[in-house]
Amino acid sequence: MYGLFYRNNGRLSLAQVLSNSNGSIAQDLATSYLDLFSGLGLKVQNARLFNPFGVKLFSTEDEQIKRKVPKECSFTVSYLINSSGLSPKIAKSVAERVKLRSSKQPDSVLQFLKNRGFNGSQIAKLVRVRPQLLFAHPERSLLPKIEFLNSIGATDAELADVCSSIPAILGQSLENVLIPNYKFLKSVFFSDENVIKVLRKKRTRLFCFDLQKTVSPKLAFLKDLGMPEANFALILSCYPPIVLQRQDKFDGNVKKVIKMGFNPQKCEFVHAMQVFSSIGQSTLECKLDVLRRWGWSDEDIKLAFRKCPIYMTASKTKLVSVFNFLVNKMGLQPSAIAHVPSAFMYSLERRIIPRCSVIRVLLSKGLINEENKICLSSLVINSNKHFLDTFVTKYQDHVPQLLNIFHGKMTIGELGLEFEPQSVMKNCSA
């Protein structure tokens, strides 16, 4: 952007051989034969073509994995498959990180998790991501953490969902991490209920850092710049990457956003910081290329970013889809969309198209005229209630289908209409 957006090796198993007295001999010969082809780096298809034994050969992923697993890992792999519900492929990968000597300890952990409401898929996800927890002592290590989080309002069902998504939370020290972080978050959110809301949104990576050391100095710096403390809650609840990034990157992004003219007292400053903290430079460049291909100048890009920096978090697919509809179907000039970049943050299917459809029907029926065409900002930003009162309810006697069109249950094509460029909205600034 304008100078500120920096630019099957391994042995194959033998299928069941025809049941006869020579079956075991044929199996040994065929297995050795496949070993030879495998050792030479040849494909099994070729082995089948030149199979001199007349034995049907095939392999499965599970069998290949089992043959590749060293003997010392075989118990771990079998246990992970049978007790945790992992696939053979994933179990082998996990077995490279942990080695189980017996089932006693992991059995106690899995039973504890089941008793606390973890279902099979949650347990499998937890074990896959953090298998070290199988060595934890349920009563001494896991239970105190669960009970602490219960005490501030989290239910077992919520914790099962959260901990399976971010298992690292169960690996943190209760005294040195979880409790201090809870106290820090409560100082920002003021109540246990608000802290739990952050937990429910799965922003629980906040519980996996030393917030007093990592986050507190950054918030103090932002406060010195004039940022109101109310915006700290916005950052920690919605945009934690801003304060979890490395200090040098944080400092650089603050300077960049200030240089672009954003006021630390406004929410747009937070949104701009989020863009730079969560999107890599190569991704930013790709999105800028999309904007330019649709006709935006560098000035359009600057204008849109100043108005709604968070629009840059929309995917490239979303950017293209909105441009395609508003330019090719609605007849808007691309530069007009730069005045309403928040359009990229709304659902095309659930908000923009249904609302444009309502306006298209009203124009076709002569219920509003060319002078009543509305701007994109009015169409997109107004609340559902305001749009319903203004364009749907008052015209329902004339067009009973309007409510269904607004709710996306009916298309204008069912009324014999289609979108025509320049027929629905006028080009105007927000």
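What you are looking at is a predicted structure, and each value in this text was computed from that prediction instead of being measured.

Considerations on the nonpolar core
By size, the foremost hydrophobic cluster in this structure holds 124 residues, and its most contacted members are Leu236, Trp296 and Tyr311. Once you skip the residues sitting within four places of it in the chain, Tyr311 turns out to touch Leu291, Trp296, Ile301, Ala304, Phe305, Leu319, Pro341, Phe344 and Met345.

Considerations on the packing of helix α18 (residues 281-293) against helix α20 (residues 316-329)
Where α18 meets α20, the closest approach of the two axes is 10 Å, and the angle between their N-to-C directions is 10 degrees. Classified by the interaxial angle, the pair formed by α18 and α20 is roughly parallel. Where α18 approaches α20, its residues Cys286, Lys287, Val290 and Leu291 are matched on the opposing element by Lys316, Leu319, Val320 and Phe323. Looking at side-chain class alone, the contact of α18 with α20 contains six nonpolar, no polar and two charged residues.

A closer look at the packing of helix α6 (residues 104-115) against helix α8 (residues 138-151)
Axis separation between α6 and α8 bottoms out at 11 Å; the angle between their running directions is 20 degrees. With respect to each other, α6 and α8 are oriented roughly parallel. Regarding α6 and α8, the two cross each other, and that crossing is right-handed. Here Gln105, Ser108, Val109 and Phe112 of α6 come into contact with α8, specifically with Pro138, Glu139, Leu142, Leu143 and Ile146.

Some details on a nonpolar patch on the surface
A grouping of Phe221, Leu225 and Ile258 is seen on the molecular surface, where their side chains present a nonpolar patch of about 230 Å² in accessible area. With respect to the secondary-structure elements, Phe221 resides in helix α13 (residues 216-224). According to the relative accessible area criterion, Phe221 is partly exposed, its value standing at 37%.

Focus: the layout of surface pockets
What the largest pocket holds in volume is close to 170 Å³. As for the largest pocket, its lining consists of Ser187, Val188, Phe190, Ser216, Leu219, Ala220, Lys223, Glu229 and Phe232. Those elements giving two or more residues to the lining of the largest pocket turn out to be α10 (174-189) and α13. Top element by residues in the lining of the largest pocket is α13. It accounts for four residues. Of the residues contributing to the lining of the largest pocket, the split by class is five nonpolar, two polar and two charged.

Things to note about α18
With 13 residues, α18 should reach 18 Å at 1.5 Å per residue; the first-to-last C-alpha distance of 18 Å fits that figure. What α18 keeps buried is the set Leu284, Glu285, Lys287, Leu288, Val290 and Leu291. Buried residues in α18 make contact with α17 (267-278), α19 (298-307) and α20. Downstream of α18 by one or two residues, Gly295 has phi in the positive range, about 100 degrees.

A few points about the side chain of Arg355
With respect to the secondary-structure elements, Arg355 resides in helix α22 (residues 348-364). The buried charged residue Arg355 lacks any salt bridge partner; its closest oppositely charged side chain belongs to Asp389, at an N-O distance of 11 Å. When sequence neighbours within four positions are dropped, the list of residues in contact with Arg355 reads Leu379, Val380, Asn382, Ser383, Asn384, Phe387 and Phe406.

About the thresholds
Residues numbered from 1 in each chain as written. Predicted model: local features only at pLDDT ≥ 70, side-chain atom pairs only at ≥ 80, totals over all residues. Heavy atoms only, no water. Core = buried A, V, L, I, M, F, W, Y, C linked by side-chain atoms within 4.5 Å. Buried < 20%, exposed > 50% of the residue type's maximum accessible area, 1.4 Å probe, protein only. Contact = heavy atoms within 4.5 Å. Axes fitted to C-alpha atoms, helices over the stretch in contact; angles between N-to-C directions. Helix = DSSP H or I, 4+ residues; strand = E, 2+ residues; numbered from the N terminus. Parallel < 35°, antiparallel > 145°, perpendicular 65-115°, else oblique. Nonpolar A, V, L, I, M, F, W, Y, C, P; charged D, E, K, R; others polar. Left-handed = near helix turned anticlockwise from the far one by under 90°. Patch = residues over 30% accessible without salt bridge, like charges linked within 9 Å, V, L, I, M, F, W, Y side chains within 5 Å. Areas by Shrake-Rupley, 256 points an atom, 1.4 Å probe, with all protein chains shown as cover. Salt bridge = Lys/Arg side-chain N within 4 Å of Asp/Glu carboxyl O. 1 Å grid on protein atoms, 1.4 Å probe; cavity = no way out; pocket = protein on both sides within 12 Å on 5 of 7 lines; lining within 4 Å. Points joined across faces, edges and corners; volume = space filled by probe spheres on them. Expected span 1.5 Å × (residues − 1). Lys, Arg positive; Asp, Glu negative; His and termini not counted.

Shape is all these values report; function is a separate question.
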